[in-house]
Amino acid sequence: MACLKLGSRADVFRKQGQDWYCTTGLPSDITVVVGEQSFHLHKFPLLSKSGLLERLIREKIEKGEDSCAIDLSDIPGGAKAFELAARFCYGVKFELTSSNVVHLRCASEYLEMTEEIAEGNLIAQTENFLTQTVLKSWKDSIKALHTCDDVIDLAEKLQVVKKCIDSVATKSSTDPDVFGWPVAQYGGPTQSPGGSFLWNGISTGARPRNCSSDWWYDDVSCLSLPLYKKVISAMEYRGVNQDIIVGSLNHYAKRRLPGLNRRKSISDVSNCLSVSTLTAMPSEEEQRYLLEEIDRLLPFQRGVTSCKLLFGLLRTAIFLKASSSCMSNLERRIGLQLDKATLEDLLITNMSESIEMLYDVDCVHRILDHFLAMDQETGGASPGIGEDGHLLASPSLLPITMVAKLIDGYLAEVAPDANLKLPKFRSLAAAIPDYARPIDDGLYRAVDIYLKAHPHLSESEKEELCRVMDCQKLSLEACTHAAQNERLPLRVIVQVLFFEQLQLRSSIAECLMISENLEGGSRQLGMPTSSEQHRGGGGWPLAARENQALREGMDGMKQRVAELEKECSTMREEIARLGRSRSTGKSRLFSLGAKPQICSTAKDAAPAKAATSSDDDKLAVVKADATPRLKLSRHKKNLSIEA
């Protein structure tokens with residue numbers, strides 16, 4: 001730390017309790033009171049340096065007062081600053097440092113210690129030391145700026161705060177090696193002016209490591225919020241990168257808001273709170289004000305601030321009951337980059353006393369609405385449809401597809417909550433557009449977990465919940481699980497089985513078409529041309545090898561077709577068994593011998609009609625159900641003809 005030694009006389013000041021005495025051998029003729037401390041001094045040394053004390057002493061003499069007592073309780077810097085100023089007046093030795101130069105500069109201005117009173121007075125001494133020494137060093141600039149809080153009004157009037165902030169803002173975006181700052185103040189060895197390390201005063205020629213862009217975060221975080229805001233504003237004015245500024249805000253918030261460190265280890269928390277341990281823990285009101293100010297300082301731009309920091313600030317804002325505008329801003333910031341969030345980020349604990357849910361689903365829903373609104377504003381739209389009827393993939397769909405997957409995972413995580421109502425669950429699931437989910441397996445998993453955790457739902461409520469899924473977008477594994485899932489409504493199971501059979505029929509048709517093309521191609525390749533025979537049959541071995549490879553491929557296709565037909569027959573048996581088990585438990589509306597006709601062929605439909613009972617009640621049920629079955633049979637017949 002830089003220092004300047006002033007004065008030449010030995011120390012003549014001593015303290016007894018709250019009183020200071022000057023041991024010069026002469027009785028004191030003036031008493032200066034500063035707060036609770038009293039200074040028993042002499043008039044001549046003081047009035048020879050201070051214009052204010054000269055005027056006050058003259059007024060006392062003109063009034064004829066016997067006791068000369070002056071109250072200077074409002075002096076900037078308090079008793080400590082006046083003590084140093086008195087030492088300067090007496091010419092006593094003391095050190096001018098970056099820790100006391102601001103207080104002395106303000107105290108000397110208050111005492112009017114100008115060059116008109118005496119040459120080389122305290123104003124000139126402090127101003128020169130501040131400009132030529134303190135502001136050229138990073139550490140000294142930070143220390144001087146840190147001491148401005150106690151005298152902020154006068155320091156700003158004297159441009160001391162502005163000079164320190166300009167120095168800090170300029171040096172924060174510059175490599176420390178450029179200024180030749182000693183690495184010793186960072187805990188390392190001393191450097192030579194050329195930048196190489198010194199060992200016993202001898203240059204080793206080794207170059208120090210380059211500092212990262214966040215080397216100044218710790219030093220700046222010790223500043224009070226008003227001064228820190230001024231530093232950040234000065235950096236933005238000088239064009240410092242937004243990522244660096246956000247990193248500093250993140251570091252500052254973690255040092256000042258204990259709630260942001262609740263997921264850190266004990267060692268990390270102790271490091272982050274090292275500054276707070278020196279002072280009292282900030283109150284909730286102070287933390288709330290700090291949080292709202294940090295929210296105003298954060299740039300409102302996508303991708304600049306990390307989602308982890310934003311979610312941490314949002315959780316802290318909810319806990320501290322910050323203003324609605326602050327929480328709305330944080331939710332909107334998160335919504336701009338929701339595709340970069342993780343499932344752990346979304347698990348926000350519910351703090352509301354009126355709602356008994358474990359997680360704050362409403363907050364996540366609002367964040368999702370902000371993302372969808374942003375997606376529409378930035379040109380996000382539903383994908384196009386190709387000639388084959390399939391959705392056309394687009395790079396612009398990647399963010400919303402990732403968000404859909406994230407929300408499906410979140411729904412599965414909150415589904416076991418017994419207090420989560422069906423409308424909230426269904427509303428959040430239905431908020432995602434259909435085109436954002438290329439496959440509904442994740443949504444099906446969440447619906448299944450919700451049905452398991454809420455077994456008392458009625459059949460109509462289950463059907464309403466399952467409408468958020470598209471059975472045509474389930475994978476084969478999900479269809480197989482859904483077909484055997486007793487928690488699903490019967491209508492949904494029938495739809496799953498129907499669409500699964502359609503997929504199997506389509507797969508079989510494609511396999512047969514491919515195999516026919518391969519057989520036709522192999523017959524053409526199996527006949528050597530006359531030119532090849534004329535050349536001595538050189539092309540025949542090649543054609544034979546290709547023919548053998550094609551036959552092996554065709555055999556594999558036939559085996560696959562056989563496996564698919566076997567799976568189809570197994571599904572038919574499963575449908576028949578499921579129909580019998582469901583019909584038995586529903587007031588025996590169907591006869592025990594009836595078989596579902598969804599997956600049967602047209603030939604199986606006639607015996608099913610002939611086997612109906614002559615009972616009136618059963619006949620009514622069969623007639624009521626005949627129309628949809630006949631439509632399904634005709635549809636399947638058309639599919640089999642096309643295949």
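Since this is a predicted model, take the numbers as computed values, not measurements.

## Brief notes about the pairing of strand 3 (residues 19-22)
- Burial of the side chains of strand 3 is restricted to one face: Trp20 and Cys22 are buried, whereas none of Asp19 and Tyr21 on the reverse face is.
- Strand direction decides the pairing type here: strand 2 (residues 13-16) and strand 3, joined by 4 bridges, are antiparallel. Along strand 3, the bridge assignment pairs Phe13 with Cys22.
- Counted along the chain from strand 2 to the antiparallel partner strand 3, the turn is 2 residues long, and its residue Gly17 has a positive phi close to 65°.
- As judged from the 3 bridges shared by strand 3 and strand 5 (residues 37-41), these two strands associate in the parallel manner. The partner of Tyr21 across the bridge, within strand 5, is His40.

## Remarks on the side chain of Gln337
- With respect to the helices and strands, Gln337 occurs in the loop between helix 15 (324-336) and helix 16 (343-346).
- Assessed through its relative accessible area of 2%, Gln337 is described here as buried.
- Those residues within four positions of Gln337 in sequence are excluded, and the remaining contacts are Arg302, Gly303, Val304, Thr305, Ser306, Cys307 and Leu310.

## A few points about the packing of aromatic side chains
- Counted under the stated rule, the structure contains 7 aromatic pairs.
- Here Phe39 and Phe82 contribute two aromatic rings whose centre-to-centre distance is 5.0 Å and whose plane-to-plane angle is 70°, an arrangement assigned as edge-to-face. In this pair, Phe39 sits in strand 5 while Phe82 sits in helix 3 (residues 78-90), placing the two residues 43 residues apart along the sequence. With respect to burial, Phe39 and Phe82 carry one shared label: buried.
- Where Phe425 meets Tyr450, the ring centres are 4.6 Å apart and the plane angle is 25°; that geometry is what we call stacked. With Phe425 in helix 19 (residues 422-430) and Tyr450 in helix 20 (residues 441-453), this pair connects stretches of sequence that are 25 residues apart.
- In textbook terms, an aromatic cluster arises when at least three aromatic residues are bridged by ring pairs, as seen for Trp20, Phe39 and Phe82.

Each value, and the rule that gives it
- Per chain, residues are indexed from 1 in the order of the written sequence.
- Selection of residues for local features in this predicted model requires a pLDDT of at least 70, selection of side-chain atom pairs for listing and counting requires 80 or more, and totals for whole chains, interfaces and linings are taken over all residues.
- In computing side-chain values, all of the structure's heavy atoms are included and hydrogens and water are not.
- For every residue, the accessible area (1.4 Å probe, protein chains only) is compared with the maximum for its type, and the residue is labelled buried under 20%, exposed over 50%, or partly exposed between those bounds.
- Comment: elements are numbered from the N terminus, with helices defined as DSSP H or I runs of at least four residues and strands as E runs of at least two.
- At least two DSSP bridges between two strands are required for those strands to pair.
- Contact definition: two residues touch when any of their heavy atoms are within 4.5 Å.
- In summary, the pairing rule links any two rings of Phe, Tyr or Trp, Trp by its six-membered ring, whose centres are within 6.5 Å, and it sorts them by plane angle into stacked for under 30 degrees, edge-to-face for over 60 and tilted for everything else.

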